[in-house]
Amino acid sequence: MAEQTQQRAAAGHRAPPVHTDPDDVSLETALLALADPVRQSLVRELAQAGDWERPCGSFDVPVTKATLSRHFTVLREAGLLEQRDAGPKRLNRLRRAEFDARFPGLLDLVLRHDGTA
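Residues numbered from 1 in each chain as written. Predicted model: local features only at pLDDT ≥ 70, side-chain atom pairs only at ≥ 80, totals over all residues. Heavy atoms only, no water.

Positive phi, close to 65°, is recorded for Trp52, a residue that is not glycine. As for its position among the elements, Trp52 is in the loop between α3 (37-48) and β1 (54-55). (Helix = DSSP H or I, 4+ residues; strand = E, 2+ residues; numbered from the N terminus.)

Written as structure tokens, this is what we have:
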């Protein structure tokens, strides 16, 4: 298995992202994921886009590529985001229905909040 992963990396292939089912997410994990202003911005932009329309590189946020990747990982681990590879791009989908079923109203609060005090 490790050899296959190394071969894929050498060939320029990324490992597919691991997704967390929202039913397996604690309230604390969900709140921590949504507490960060950059992640709130990503969630808002994804809520306005259609499923699988937004590649990771299309977000205009003031962070490095590595930091942006970490933000996407936190959102995936909180059950908010699903990603899939399409050639060289990684496309994103907000798992709104699934997340709303687990935490009714929480995502609506974040989407209504514009980031100002």
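Once that is clear, we can look at the packing of aromatic side chains. For the coordinates displayed, the defined rule picks out 2 aromatic pairs. Both rings, one in Phe59 and one in Phe72, keep their centres 5.6 Å apart while their planes meet at 65°; by these two values the pair is edge-to-face. Here the residue Phe59 occupies a position in the loop between β1 and α4 (65-77), and Phe72 occupies one in helix α4, the gap between them amounting to 13 residues. Centre to centre, the rings of Phe99 and Phe103 are 5.1 Å apart; their planes meet at 50°, and the pair counts as tilted. As far as burial versus exposure is concerned, Phe99 and Phe103 are alike and both buried. Between the NZ or CZ atom of Arg54 and the centre of the ring of Phe59, over which it lies, the distance is 4.1 Å. (Phe/Tyr/Trp six-rings, centres within 6.5 Å; stacked < 30°, edge-to-face > 60°. Buried < 20%, exposed > 50% of the residue type's maximum accessible area, 1.4 Å probe, protein only. Lys NZ or Arg CZ within 6 Å of the ring centre and 35° of its normal.)

Bringing the environment of Asp100 into the picture now. By the secondary structure assignment, Asp100 is in helix α5 (residues 96-102). We classify Asp100 as partly exposed; its relative accessible area is 22%. Sequence separation between Asp100 and Pro22 is 78 residues, and the spatial gap between their C-alpha atoms is 9.0 Å.

Below, the discussion takes up the nonpolar core. Leu34, Leu42, Phe72, Leu80, Phe99 and Leu107 are the most contacted members of the largest nonpolar core, which totals 24 residues. Secondary-structure elements contributing two or more residues to this core are α2 (27-35), α3, α4 and α6 (106-112). Excluding its chain neighbours within four sequence positions, the residues that come into contact with Leu80 are Ala33, Leu34, Leu75, Arg93, Leu94, Arg95, Phe99 and Leu107. (Core = buried A, V, L, I, M, F, W, Y, C linked by side-chain atoms within 4.5 Å. Contact = heavy atoms within 4.5 Å.)

A few words now on the packing of α3 against α4. The geometry of α3 relative to α4 is characterised by a closest axis approach of 10 Å and an angle of 70° between their N-to-C directions. Classed by the angle they form, the pair α3 and α4 counts as roughly perpendicular. Here Val38, Arg39, Leu42 and Val43 of α3 come into contact with α4, specifically with Leu68, His71, Phe72, Val74 and Leu75. (Axes fitted to C-alpha atoms, helices over the stretch in contact; angles between N-to-C directions. Parallel < 35°, antiparallel > 145°, perpendicular 65-115°, else oblique.)

Quick look at α4 now. In this model α4 runs 18 Å from its N-terminal to its C-terminal C-alpha over 13 residues, within 8% of the 18 Å that 1.5 Å per residue would give. Three or more residues of α4 are buried, namely Leu68, His71, Phe72, Thr73, Val74, Leu75 and Arg76. Those residues of α4 that are buried are in contact with α2, α3, β2 (81-86) and β3 (89-94). After α4 finishes, the residue Gly79 shows a positive phi value of roughly 75°. (Expected span 1.5 Å × (residues − 1).)

Nothing here speaks to function; it is geometry throughout.
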